Amino acid sequence: MEFGDYRKEVRRTLPNLGGNSIDNLHMILGMVTEVGELADVFKKNLAYNKPIDWVNVEEELIDVLWYMCNFANINNINMEQAMQNNINKLKIRFPDKFTQENAIFRNIE
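As the structure is a computational prediction, the values presented were derived from the model and not from experiment. (Residues numbered from 1 in each chain as written. Predicted model: local features only at pLDDT ≥ 70, side-chain atom pairs only at ≥ 80, totals over all residues. Heavy atoms only, no water.)

Participant: I'd like to hear about unusual backbone geometry, residue by residue, with values.
Facilitator: Its identity as a non-glycine residue notwithstanding, asparagine 49 has a phi of 60°, on the positive side. Among the secondary structure elements, asparagine 49 is positioned in the loop between helix H2 (20–48) and helix H3 (54–74). Using a relative accessible area of 66% as the deciding quantity, one classes asparagine 49 as exposed. Here asparagine 76, not a glycine, exhibits a phi torsion of approximately 55°, which is positive. (Helix = DSSP H or I, 4+ residues; strand = E, 2+ residues; numbered from the N terminus. Buried < 20%, exposed > 50% of the residue type's maximum accessible area, 1.4 Å probe, protein only.)

So, in structure tokens, the structure goes:
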């Protein structure tokens, strides 16, 4: 599935809780919740040697994307343009590849 198609499909399942403020809060809290569930998988692996359930990891990761896309939908954020802006920034910050030095001493101009 293409990203743009996914974004259109998730809009169909976006609940309207009564306004942008409450809808934004719903999406933000949803992202935090799903990232917490994703982190829990790795915490249990680290602390209890529980094997990583990669099917669950994929599900939690896509749940985060659902909330992100619908946050963008609510706020009319062009995700494709935002993705390109991010790549442009990273090309400046890391012209060849990631380095710790460039991560620490960032060129923000």
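Participant: Help me get a handle on the packing of H2 against H3, residues and values and all.
Facilitator: As a packed pair, H2 and H3 sit with axes 9 Å apart at the nearest point and diverge in direction by 165°. Here H3 runs roughly antiparallel to H2, going by the angle between their axes. At the point where H2 passes H3, the crossing takes the left-handed sense. (Axes fitted to C-alpha atoms, helices over the stretch in contact; angles between N-to-C directions. Parallel < 35°, antiparallel > 145°, perpendicular 65-115°, else oblique. Left-handed = near helix turned anticlockwise from the far one by under 90°.)

Participant: With reference to specific residues and values, describe a nonpolar patch on the surface.
Facilitator: A cluster of nonpolar side chains, contributed by Leu17, Ile22, Leu25 and Leu29, occupies part of the molecular surface with about 360 Å² of accessible area. Structurally, leucine 17 can be placed in the loop between helix H1 (3–11) and H2. (Patch = residues over 30% accessible without salt bridge, like charges linked within 9 Å, V, L, I, M, F, W, Y side chains within 5 Å. Areas by Shrake-Rupley, 256 points an atom, 1.4 Å probe, with all protein chains shown as cover. Salt bridge = Lys/Arg side-chain N within 4 Å of Asp/Glu carboxyl O.)

Participant: Which residues make up the nonpolar core, and what values do they have?
Facilitator: Core analysis: the biggest nonpolar cluster contains eight residues, these being Tyr6, Val10, Met27, Met31, Trp66, Tyr67, Cys69 and Ile74. Looking at this core, the elements with two or more residues in it are H1, H2 and H3. Not counting chain neighbours up to four residues away, the residues in contact with tyrosine 6 comprise Met1, Ile62, Leu65, Trp66 and Cys69. (Core = buried A, V, L, I, M, F, W, Y, C linked by side-chain atoms within 4.5 Å. Contact = heavy atoms within 4.5 Å.)

Participant: I'd like a rundown of the side chain of arginine 93, residues and numbers included.
Facilitator: Structurally, the position occupied by arginine 93 is in helix H4 (residues 79–93). Filtering out sequence-adjacent residues up to four positions away, arginine 93 remains in contact with Asn102 and Arg106.

Participant: Let's hear about the packing of aromatic side chains: which residues, and what values?
Facilitator: Overall, the coordinates contain three aromatic pairs when judged by the stated rule. Each ring, one from tryptophan 66 and one from tyrosine 67, has its centre 4.8 Å from the other, and the planes form 85°; the classification is edge-to-face. For tryptophan 66, a relative accessible area of 18% corresponds to the buried category. When its relative accessible area of 16% is taken as the criterion, tyrosine 67 is described as buried. (Phe/Tyr/Trp six-rings, centres within 6.5 Å; stacked < 30°, edge-to-face > 60°.)

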